[in-house]
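So you can see what is in the structure, the chains are spelled out below.
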Amino acid sequence: MRIFLVRHGQTWFNRQKRLQGVCDSPLTELGIRQAKKLQEYFQMNNISFDQAYSSTQERASDTLELLTDMPYTRLKGLKERSYGHWEGRSSRLFPLPWLKVSPAVETRKHAADRVEKTLLEITSNAKKDDTILVVGHGDSLHCFISQKVNPKFTHFKNCSTVELSYDGSSFTYKGYTWPAENLR
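First, a word on what this report is: a plain description of the structure on this page. Note that this is a predicted model, so its numbers are computed, not measured.

1. With respect to helix H4 (residues 108–124)
Point 1. With 17 residues, H4 extends 24 Å from end C-alpha to end C-alpha; this agrees with the ideal 24 Å at 1.5 Å per step.
Point 2. Every buried residue of H4 is listed here: Ala111, Ala112, Arg114, Val115, Thr118, Leu119, Ile122 and Thr123. All buried residues of H4 lie within an arc of 165° about the axis, which places them on one face of the element. In this structure, H4 carries Lys109, Lys117 and Ser124 as exposed residues pointing more than 90 degrees from its buried face.

2. Some words on the side chain of Gln34
Point 1. On the secondary structure map, Gln34 appears in helix H2 (residues 29–44).
Point 2. Discounting chain neighbours no more than four positions away, the residues touching Gln34 are Gly9, Gln10, Asn158, Cys159, Ala180 and Leu183.

3. Here we look at the sheet that holds strand S2 (residues 51–55)
Point 1. In space, the 6 strands of this open sheet follow the order S3-S2-S4-S1-S5-S6, with mixed pairing throughout. Looking at which strands have only one partner, the edges of the open sheet turn out to be strand S3 (73–75) and strand S6 (171–177). Taking the axes of each pair of neighbouring strands and ignoring which way they run, one obtains an average angle of 25° across the sheet.
Point 2. Two elements, S2 and strand S4 (residues 131–136), share 4 bridges in a ladder whose sense is parallel.

4. Side note on the nonpolar core
Side chains of a nonpolar character, in soluble globular proteins, are inclined to be buried together.
Point 1. In this structure, Leu5, Val134 and Phe144 are the most contacted members of the largest nonpolar core, which totals 21 residues.
Point 2. Broken down by secondary-structure element, the contributors of at least two residues to this core are strand S1 (2–7), H4, S4, helix H5 (138–149) and strand S5 (161–166).
Point 3. Contact partners of Phe144, with chain neighbours within four places excluded, come to Leu5, Ala112, Val115, Glu116, Leu119, Val149, Leu164 and Phe171.
Point 4. Counting 15 residues, the second-largest nonpolar core is a separate cluster that includes Ala35, Ile47, Ala52 and Leu64.

Each value, and the rule that gives it
Residues numbered from 1 in each chain as written. Predicted model: local features only at pLDDT ≥ 70, side-chain atom pairs only at ≥ 80, totals over all residues. Heavy atoms only, no water. Helix = DSSP H or I, 4+ residues; strand = E, 2+ residues; numbered from the N terminus. Expected span 1.5 Å × (residues − 1). Buried < 20%, exposed > 50% of the residue type's maximum accessible area, 1.4 Å probe, protein only. Arc of directions from axis to C-beta. Contact = heavy atoms within 4.5 Å. Pairing = 2+ DSSP bridges. Axes fitted to C-alpha atoms, helices over the stretch in contact; angles between N-to-C directions. Core = buried A, V, L, I, M, F, W, Y, C linked by side-chain atoms within 4.5 Å.

Function cannot be read off these values alone, since they describe shape.
Here you go:
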């Protein structure tokens, strides 16, 4: 089974370097172009999807709708981490270490566990040769990948994708691609 994890396209808050978390902001023109560039990458590499899922947040579902016109399911387990009262504030003001800020901030471990549980639910409803598209968020997807799959994974840029394989018992990291890297 192949799984493509995608971070949504650039949003207004991304551009302003604000923490979004569970709050939302719309895709920018650049974010829309990033999604179209990723769609081209999938088409050029003959990657088509049997199933598609997104976070319940609009920036993720809007990105998915730019990537494919197939029906999809929105899942709460794919939402971004909650940053509590830091939501909407400048990311430059967010103190470190992230885990000791406030009880309202979701821990990295909790986010990783939540995304893993959701991906296991997705894979339990798939065939072993399915290719699955999952559109979510940079931090929650990064937590999952770096804690559960590849500890060397360091970043998840807007409209980049991580390919995983799943053999029925574990996820394997296959690679990272960012087709929109040179878009400005």
